[in-house]
Amino acid sequence: MVDIVTREKRSKMMANIGGKDTKPEMAIRKGLHALGYRYRLHVKDLPGKPDIVFTKYRAVIQINGCFWHKHNCHLFKWPSTHKSFWKKEIEGKYLRNIENTKCLLENGWRILTIWECALKGKTQLSGESVIRKVEAWFHSTETVAQIEGKTEK
Ligand SMILES: [Zn+2]
């Protein structure tokens, strides 16, 4: 057995875990739009192609898949097979993310990370509460912030 995952299979896995345009993400976008916030999606000319970009607030929102971004929560667990492959993939993504974050900050952007565990599963927050947190952040002075799922009991 070869310790690789085909490109095709990998892109399927990516699509399933915290992929683009997932339903909870759409709900958040719609909610913000309804409140009058205007944004661009997956902006290619910014480092890391941020998911949602609010030019007026010089703010970006990143929706992070907990698995791909090694989040300290119930959605992340090192896979038990193909360990070296996953380690390389996930650490690589983690390091790229740090680079992108640095670059955005240097260019005066603010970054809000919304973790997948805040949007789905047993730790999810209500859409309304996520939207309220996003709004509060827009009007705050916090440069970097994150919204995570509820703490497990
Ligand atoms: Zn998480």
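Above this text you will find the structure in question.
The present account deals with the structure reproduced in this document. Note that the structure is predicted; figures quoted are calculated from it, not measured.

## Examining the overall build of the protein
Of regular secondary structure, the protein possesses five helices and five strands. N-terminal to C-terminal, the α/β element order of the protein is α-α-β-β-β-α-β-α-α-β. Counting all 153 residues of the protein, 38% fall into the buried class. Sequence-distant contacts in the protein: of pairs separated by 6 or more residues, those separated by 24 or more amount to 60%. Of the roughly 9,600 Å² that the protein leaves accessible, carbon and sulfur atoms contribute 54%.

## Considering the coordination of the zinc ion
In the first shell of the zinc ion, the protein supplies Cys66 (SG), His71 (ND1), Cys73 (SG) and Cys117 (SG), at 2.0 to 2.4 Å from the metal. Summarised as a motif, the one-chain spacing of the donors to the zinc ion is C-x4-H-x1-C-x43-C. Each member of the pair, Cys66 as well as His71, is classed as buried.

Cut-offs applied
- Residues numbered from 1 in each chain as written.
- Predicted model: local features only at pLDDT ≥ 70, side-chain atom pairs only at ≥ 80, totals over all residues.
- Heavy atoms only, no water.
- Helix = DSSP H or I, 4+ residues; strand = E, 2+ residues; numbered from the N terminus.
- Buried < 20%, exposed > 50% of the residue type's maximum accessible area, 1.4 Å probe, protein only.
- Contact = heavy atoms within 4.5 Å.
- Areas by Shrake-Rupley, 256 points an atom, 1.4 Å probe, with all protein chains shown as cover.
- Donors = N, O, S within 2.8 Å, 3.2 Å for Na, K, Ca; no water.

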